[in-house]
Amino acid sequence: MDSTRRFGKYRIEREVLDEERLEELTQRKTYSEIHPPLTKQLKESLRCTLPMLKKSLMSTFPVLYWLPKYSVWDYGMPDIVSGISVGIMHLPQGMAYALLASLPPVFGLYTSLYPPLIYFFFGTSRHISIGTFTVLSIMVGSVTERLAPDGDFLQSNGTNMTGDVDIAARDTYRVQVAAATTVLGGLIQVLLGVVKFGFVGTYLSEPLVRAYTTAASVHAVGAQLKYIFGVSPKRFSGPLSLIYTMWDVFILLPKTHLPTLVVSAVTIALLIVAKELNVFLRRKLPVPVPVELITIVVATLVSSYGHLNHNYSVSVVGEIPSGLSSPSVPDVSLFGKVIGDAFALAIVGYAISISLGKTFALKHGYKVDSNQELVALGLSNAVGGFFQCFSVCPSMSRSLIQESTGGKTQMAGVASAVIVLVTVLKLGTLFQELPKAVLASIVFVNLKGMFKQYADIVTLWRSSKIDLVVWLVTWISTLLLNLDLGLAASITFALFTVIFRTQLPTYSVLGNIPGTELYVDMETHKEIPGVTIFHSSATVYFANAELYLEALKEKNGTVFVIPTSSQSLEAQPRWEYLKGGDPDCASLGWLSELQDGDTTTLGSSCDDSLSRDLERVSIGSLGKWTWEIHSIILDLSTANFIDIVAMKTLKNLFMDFSEIDVDIYIAGCQTSVVEQLKLGGFFSEVITKRHLFASVHDAVLYCMNHLVNHNNLTD
């Protein structure tokens, strides 16, 4: 068998295209054609009003698009089976994650009921399961414990504090805090979605999100240790609160409640074994065994018949009210105290939601609208907050179950909500004897997936050191500064790395691959005689414009030598073509600034007579130059915008090098960059569109032909 690789060939013959000729050939639209007058826009919008209203209605209520097409025969049974499977998972996770939020378990069930119903009408993802999630529960818990600490609810016997906590009053206020935070976070999400701010989630890179959730899992462990060991550590808030909590738990370990620890250890051991068996047998089982539900049922029976609370003082869930609570308006006065936490919840929840939604959409071939997802998640939170729910987003484990068990549409979320509804109405009271240690153990075991993310450190070390630094900074800041401040610090640092990378891009001089129109780094390929092709890996803007200028002159080895004040001006300044010239010498840009009349930079460093003489110096009158190039091509193919500082830098380059008969050309500009150059007044009689070329190869061919024609005229 012939293993020789065969490549196709192509040959194109066309004229060399500069920007002026390119516009003639393409008949590019003018700015006024692209942006018509307001009156014309109004007429066009009125003509399209009805179709736009219909489209807008469909995009706002996606259920109106897919529900009329819903096939009961094709989708009904898979959605029901999937919904029941997910609903069974909602029950233990809802109650367990309510403990993470420092709320009574029944509010976890409410949170698993109302938000999925709201998402049914507004969501665009067919496979994500909206409800409680570990990280968001921890973030809510940090707010509730900060604003409603146990110390604010100590009971008194008339004159003295008894040291006992009024649990009912504390929990009532914590529910108000959680509801207010959830409603405000939901409103923020809706507002961001309405103004088309769905791209905000892109600022949370994958290393940042994974490091943040990994650090949040440590916070989750710290929050559950008191239930696992049966101790009562002090509650801390603010930076370093996790460290203080861990230390307090360590101090209290000799006082561990042994019956509670036994319950926790047995539950954790059984859950780990059962989950591993589930993974081992997943190909043989039509649906995963509901390990967590079986665990809480068995634990409730053992606790009830063994009287663990009465005989061994094992803490249990306690009273679970049956029925649904009536909606109530959240305490608006709390908004000012929780706005920072609400914003963090809004961003983190959306980032997790859109990443999961796009993953499943890509796999199953449909589209998820990022802005509509932001609105849907926001309404799920805002409306849910009126029913005493806390912040929600999709769960990876539940979403995978919903997809793997055959779920086809958002109808599976309705089926899961029905399971939770039946539990709340009829079965909730049966779980009153469930030990809290069992719920804490469920949370602890479910964090195993997040603990595996520590392997990212090895992966990122091999692939990207900067992403590794982002991961480590995010993890450390989240651990030490808590979830809200940690997120802000992480995003700030991640954006700083982007700025850092654009400020210090890679600069290179390009050479030609013989026989092609391709240009790559000159260190490994042929240089074009007399032509320097300068390339930057990032766009040129105010933060790196000066570095761009210095790198260009360094790559060309140019140094402008200025006489000192003690030297006579008869010893003319000169340009020299030097590889690795003295970096302390002043550059041509310095003289250009003097010629522009900017004398504010001279001041005391130069006397007035020298300044006036230097202003009269013409670079072209300085005699013959030791110069080996005739053209410089600036490859701006990486630029997606250009600002006024970069334009001024390019103008200075044109003027400076024209003084020594070196032509400057620009290649590879995007249409948007050309438009910005027009609007910025870049073009003039000296710098025309004939200095811009469609590609580097066009510019090179022009330079070579121009040189040949020039030499012929000289001869």
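What counts, and at which threshold
- Residues numbered from 1 in each chain as written.
- Predicted model: local features only at pLDDT ≥ 70, side-chain atom pairs only at ≥ 80, totals over all residues.
- Heavy atoms only, no water.
- Helix = DSSP H or I, 4+ residues; strand = E, 2+ residues; numbered from the N terminus.
- Buried < 20%, exposed > 50% of the residue type's maximum accessible area, 1.4 Å probe, protein only.
- Contact = heavy atoms within 4.5 Å.
- Areas by Shrake-Rupley, 256 points an atom, 1.4 Å probe, with all protein chains shown as cover.
- Salt bridge = Lys/Arg side-chain N within 4 Å of Asp/Glu carboxyl O.
- Phe/Tyr/Trp six-rings, centres within 6.5 Å; stacked < 30°, edge-to-face > 60°.
- Lys NZ or Arg CZ within 6 Å of the ring centre and 35° of its normal.
- UniProt positions renumbered as here; feature names shortened; annotations may be inferred.
- Arc of directions from axis to C-beta.
- Core = buried A, V, L, I, M, F, W, Y, C linked by side-chain atoms within 4.5 Å.
- Expected span 1.5 Å × (residues − 1).
- Polar contact = N/O pair within 3.5 Å; in protein donor to acceptor, adjacent residues only side chain to side chain.
- Axes fitted to C-alpha atoms, helices over the stretch in contact; angles between N-to-C directions.
- Parallel < 35°, antiparallel > 145°, perpendicular 65-115°, else oblique.
- Left-handed = near helix turned anticlockwise from the far one by under 90°.
- Nonpolar A, V, L, I, M, F, W, Y, C, P; charged D, E, K, R; others polar.

Sorry if this is basic, but what is going on with the overall build of the protein chain here?
Scanning the protein chain from N- to C-terminus turns up 28 helices and 12 strands. When burial is assessed residue by residue, the protein chain has 47% of its 715 residues classed as buried. Long-range contacts, defined here as pairs at least 24 residues apart, represent 80% of the contacts in the protein chain between residues at least 6 apart. Carbon and sulfur atoms form 62% of the exposed surface of the protein chain, whose accessible area is close to 36900 Å².

So what exactly am I meant to see when it comes to the pattern of salt bridges here?
When their charged atoms lie close together, side chains carrying opposite charge are able to pair. Here the structure, examined in full by the defined rule, presents nine salt bridges. Across the pair Arg-170 and Asp-150 runs a salt bridge, and its minimum N-O distance is 2.9 Å. Here Asp-150 lies in the loop between helix H8 (134-147) and strand S2 (154-156) and Arg-170 lies in helix H9 (residues 167-194), a separation of 20 residues in the sequence. The residues Arg-170 and Asp-150 share a single accessibility class, namely buried. For Arg-174, the salt bridge is made with Asp-150, and the minimal N-O distance between the two is 3.4 Å. Residue Arg-174 is located in helix H9, and its partner Asp-150 is located in the loop between H8 and S2; the two are separated by 24 residues in the primary sequence. Taken together, the shared-partner salt bridges connect Asp-150, Arg-170, Asp-171 and Arg-174 into one network.

How should the packing of aromatic side chains be read in this particular structure?
Where two aromatic rings form a pair, the distance of their centres and the angle of their planes describe that pair. Under the criterion given, the structure shown has 22 aromatic pairs. Summarising the aromatic geometry, the rings of Phe-120 and Phe-121 are spaced 5.1 Å apart at their centres and angled 85° between planes, so their arrangement reads as edge-to-face. Aromatic rings pair up to connect Trp-66, Tyr-70, Tyr-75, Phe-120 and Phe-121 into one cluster. Over the face of the ring belonging to Tyr-366 we find Arg-126, whose NZ or CZ atom lies 4.3 Å from the ring centre.

What is the right way to read the UniProt feature "transmembrane region" (unreviewed entry) in the protein chain from this model?
Mapped onto this numbering, the UniProt entry gives "transmembrane region" (unreviewed entry) at residues 117-140, 177-199, 259-277, 289-308, 342-362 and 475-500. Helix makes up 100% of residues 342-362 and strand 0%. Its end C-alpha atoms lie 30 Å apart.

What is the right way to look at helix H1 (residues 19-26) in this model?
Residues lying three or four places apart along an α-helix face the same way, a consequence of the helix completing one turn every 3.6 residues. For H1, the complete set of buried residues consists of Glu-19, Leu-22 and Glu-23. What you see down the axis of H1 is that its buried residues fit within an arc of 100°, all on one side.

In this structure, what is going on with the environment of Leu-187? I would like to understand it.
As for its placement among the helices and strands, Leu-187 is situated in helix H9. We classify Leu-187 as partly exposed; its relative accessible area is 44%. The sequence separation of Leu-187 and Phe-343 amounts to 156 residues, and the corresponding C-alpha distance is 9.7 Å.

So what exactly am I meant to see when it comes to the nonpolar core here?
Soluble globular proteins tend to bury their nonpolar side chains together. Counting residues in each nonpolar core, the largest one holds 101 residues, and the members touching the most others are Val-135, Met-139, Ile-296, Val-348, Leu-434 and Leu-439. The greatest single-element share of this core, amounting to 15 residues, is contributed by helix H15 (residues 335-364). When near neighbours in sequence (up to four residues on either side) are disregarded, Leu-434 contacts Met-95, Ile-296, Ala-299, Thr-300, Val-316, Val-317 and Leu-439. By size, the runner-up hydrophobic cluster in this structure holds 31 residues, among which are Tyr-548, Ile-642, Ala-646 and Val-673.

What should I look at first to understand helix H16 (residues 370-386) in this one?
Under the 1.5 Å per step criterion, the end-to-end length of H16 is 25 Å for 17 residues, consistent within 8% with the ideal 24 Å. Counting buried residues in H16 gives 14 out of 17 residues, a clear majority hidden from the surface. The N-terminus of H16 is capped by Asp-369, whose side-chain oxygen sits 3.1 Å from the backbone nitrogen of Asn-371. Looking one or two places after H16, you find Gln-388, whose phi comes out positive at around 60°.

When you look at the packing of H9 against H16 in this model, what are you seeing that I'm missing?
Describing two packed helices takes the angle between their axes plus the distance from one axis to the other. Where H9 meets H16, the closest approach of the two axes is 7 Å, and the angle between their N-to-C directions is 155°. By the angle between their directions, the pair H9 and H16 is classed as roughly antiparallel. Note on packing geometry: the crossing formed by H9 with H16 is left-handed. Two secondary-structure elements touch here, H9 through Ala-179, Thr-182, Val-183, Gly-186, Leu-187, Gln-189, Val-190, Leu-192, Gly-193 and Val-194 and H16 through Asn-371, Leu-374, Val-375, Leu-377, Gly-378, Leu-379, Asn-381, Ala-382, Gly-385 and Phe-386. When grouped by side-chain class, the residues that make up the contact of H9 with H16 number 12 nonpolar, eight polar and no charged.

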